[in-house]
Amino acid sequence: MVLPVKRWFAIAFLVSSIAITQTTALAADDWQIIKVSGQDYLSVDNISRFYGLPAGIAGSGEKMDFEAAKNPLEFVSGSREVMINGARSWLCFPVIEQEGKLLVSRTDVAKTIEPLVRPHRVPNVGKVQTVVVDPGHGGYDKGQVSRYGYEKDFALDVARKLRPSLQSKGLRVIMTREGDYFVPLEVRAQIANKARDSIFVSIHFNASNDDRNATGFEIFSFTPRGAPSTSDSAVAPSALSTQPGSAVDAQSMALSACIYHSLLGHIPEYDRGIKRARFAVLRLTKVPAVLIEGGFLTEQGQCKLIAQKEWRAKLARAISVGIDSYRSLGIKKQPPLLVADYRKQIKSAPNEFVVQEAELKEADTSIINLVGKSAFPPPQQTSTPRMSLESAPIVP
């Protein structure tokens, strides 16, 4: 069943959770809401016309080369994977086919496509004075492990490099931890919630037991109410979670987009996408919040890069640029820079760091200085007591 809805009413009806306060001339006269099994969908053609963006379509079972995608919007029938403005993203629900039309859920148009295509129109976007930087894990919680060190130490080092970069832009920075100790997840969220006009950026590194060749960046924000997380295999309406969503969902997606485009634009790593999850630090924060996975410690080449202090500094700079891009949304009210824009700025895709095997037989000096040399056991040992670092109290 197709229900024609007038343009001004359609926006309010379709994106009821996203207050669009500014309207411009639109390519489409109407939204055509299509009901399928009681759920609301819109056609890819309708979406393309509304935003004035060409859309590419791949049939079910076809493998799309996202790296070579030329259209601002690229969809695959039967898949949640989509390319939006040059970066991979993941819909809440698969794209379906109905009577020859490729359909996208109304939830995804409102919660995924709208804030990624027009983040500068998200209400209260870019309102930030304080950045709460959260180095993942700490203390007894080592996180993932590579032959060159622990995730907790790499994350802390990136956070320490990120802080002065953000401060130089006039932003207040609060670290959820300053040293090698564990901070409960709820406390990390409380720090962000108590800070004025804050955003929350959690820094992690990835690992895979199933695929040792897995590599690349990904970024997460909180899963919307009534939708599955990206990693959930069951996406039928009857299996959907009823957990509450976030009041700042659109802002978090805009923050994800700004940081992620900067990451891919500055560092040529594999694009794993903008994703959704119900991680505790995302669930408990009441402010725009994202969790960054800055590469895989289980992949032979990437773990060497992560262990190099210069590469970590580059990662911190890319995150800083992305955060500043998010802040600019509220000032300039213009679309942010995209992957292609960043790569044009540096005139070519950045060169990868080449690390020789002999260079990283031990952790680099910045990590040794961070956690103490005795924290790294000789090769023949399997374990050794870890040293903790003293730190000033965390004050929101």
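Residues numbered from 1 in each chain as written. Predicted model: local features only at pLDDT ≥ 70, side-chain atom pairs only at ≥ 80, totals over all residues. Heavy atoms only, no water.

Take the overall build of the chain next. From N to C terminus, the chain includes 11 helices and 17 strands. Put simply, the chain has 396 residues, and 55% of those count as buried. Considering only intrachain contacts with a sequence separation of at least 6, the fraction spanning at least 24 residues in the chain is 71%. On the chain, roughly 17800 Å² of surface is accessible, and the fraction owed to carbon and sulfur atoms is 50%. (Helix = DSSP H or I, 4+ residues; strand = E, 2+ residues; numbered from the N terminus. Buried < 20%, exposed > 50% of the residue type's maximum accessible area, 1.4 Å probe, protein only. Contact = heavy atoms within 4.5 Å. Areas by Shrake-Rupley, 256 points an atom, 1.4 Å probe, with all protein chains shown as cover.)

With 4 bridges connecting them, strand β6 (residues 81-84) and strand β7 (residues 87-90) associate as antiparallel partners. By the bridge assignment, Glu-81 is partnered in β7 with Trp-90. Where β6 folds back onto β7 in an antiparallel hairpin, the turn is made up of 2 residues, including Asn-85, whose phi is positive at roughly 55°. (Pairing = 2+ DSSP bridges.)

Let us look at the packing of helix α6 (residues 249-266) against helix α9 (residues 309-332). Where α6 contacts α9, the axes come no closer than 8 Å and their chain directions differ by 140°. With respect to their mutual orientation, α6 and α9 come out oblique. Considering the relative orientation of α6 and α9, their crossing is right-handed. Residue-level contacts link Gln-251, Ala-254, Leu-255, Cys-258, Ile-259, Ser-262, Leu-263 and His-266 of α6 to Lys-314, Leu-315, Ala-318, Ile-319, Val-321, Gly-322, Ile-323, Ser-325, Tyr-326 and Leu-329 of α9. Taken together, the residues that form the contact of α6 with α9 break down as 12 nonpolar, 5 polar and 1 charged. (Axes fitted to C-alpha atoms, helices over the stretch in contact; angles between N-to-C directions. Parallel < 35°, antiparallel > 145°, perpendicular 65-115°, else oblique. Left-handed = near helix turned anticlockwise from the far one by under 90°. Nonpolar A, V, L, I, M, F, W, Y, C, P; charged D, E, K, R; others polar.)

Here we take up the confidence of the model for the chain. Scored by pLDDT, the chain comes out at a mean of 83, with 77% of its residues at no less than 70. Note on residues 353-364: pLDDT is under 50 here. Beyond four places in sequence and across chains, it has 23 contacts. Scored below 50 in pLDDT, residues 375-396 shows 44 contacts in the model against residues more than four places distant or in partner chains. (pLDDT = per-residue confidence, 0-100.)

Position of Tyr-41 relative to the elements: it lies in strand β3 (residues 39-43). Judged by its relative accessible area of 11%, Tyr-41 falls in the buried class. For the pair Tyr-41 and Leu-102, spaced 61 residues apart in sequence, the C-alpha to C-alpha distance is 9.5 Å. Setting aside chain neighbours within four positions, we find Tyr-41 in contact with Gln-32, Ile-33, Ile-34, Val-36, Ile-96, Leu-103, Val-104, Ser-105 and Arg-106.

So, on to the pattern of salt bridges. Overall, the coordinates contain 13 salt bridges when judged by the stated rule. Through salt bridges with shared partners, a single network forms among Lys-35, Asp-40 and Arg-106. (Salt bridge = Lys/Arg side-chain N within 4 Å of Asp/Glu carboxyl O.)

Most of helix α3 (residues 106-117) sits out of view: 10 of its 12 residues are buried. Within α3, the full set of buried residues consists of Asp-108, Val-109, Ala-110, Lys-111, Thr-112, Ile-113, Glu-114, Pro-115, Leu-116 and Val-117.

Before going further, it helps to examine the packing of aromatic side chains. Following the criterion strictly, the structure yields 6 aromatic pairs and no others. Judged by centre distance (6.4 Å) and plane angle (80°), the ring pair of Phe-154 and Phe-205 falls under edge-to-face. Taken together, the residues Phe-154 in helix α4 (residues 151-167) and Phe-205 in strand β14 (residues 198-206) connect sequence positions 51 residues apart. Phe-205 shares its class with Phe-154; the two are buried. Members of the aromatic cluster, each reached through a chain of ring pairs, are Trp-31, Phe-50 and Tyr-51. (Phe/Tyr/Trp six-rings, centres within 6.5 Å; stacked < 30°, edge-to-face > 60°.)

Another point: the packing of α3 against α6. Put simply, α3 and α6 touch, their axes get as near as 9 Å, and they point 50° apart. In terms of axis orientation, α3 runs oblique to α6. Considering how the two elements wind past one another, α3 and α6 form a crossing that is right-handed. In contact with Lys-111, Thr-112, Pro-115 and Leu-116 of α3, α6 contributes Asp-249, Ala-250, Met-253, Ala-254 and Ala-257.

Here we take up unusual backbone geometry. Phi at Glu-99 is positive, roughly 50°, even though this residue is not glycine. Along the chain, Glu-99 turns up in the loop between β8 (96-98) and β9 (101-105). The backbone of His-137 shows a phi angle near 65°, a positive value even though the residue is not glycine. Residue His-137 is classed as buried on the basis of its relative accessible area of 17%.

For the rest of this paragraph, the subject is the side chain of Arg-327. Take Arg-327: it is sitting in helix α9. Setting aside its immediate chain neighbours within four residues, Arg-327 contacts Gly-126, Val-128, Lys-169, Gly-170 and Leu-171.

As a further point, take the environment of Lys-332. Positionally, Lys-332 belongs in helix α9. Judged by relative accessible area, Lys-332 falls into the exposed class, the value being 55%. C-alpha of Lys-332 to C-alpha of Gly-126: the two residues are 206 residues apart in sequence and 9.7 Å apart in space.

Let us look at the side chain of Asp-108. Looking at the element boundaries, Asp-108 is found in helix α3. Despite being buried, Asp-108 has no salt bridge partner; Arg-276 is the closest side chain of opposite charge, sitting 6.8 Å away. Polar contacts involving the side chain of Asp-108 include one to the main-chain amide nitrogen of Phe-93, which spans 3.0 Å. Other than its neighbours up to four places away in sequence, Asp-108 contacts Leu-91, Cys-92, Phe-93 and Ile-113. (Lys, Arg positive; Asp, Glu negative; His and termini not counted. Polar contact = N/O pair within 3.5 Å; in protein donor to acceptor, adjacent residues only side chain to side chain.)

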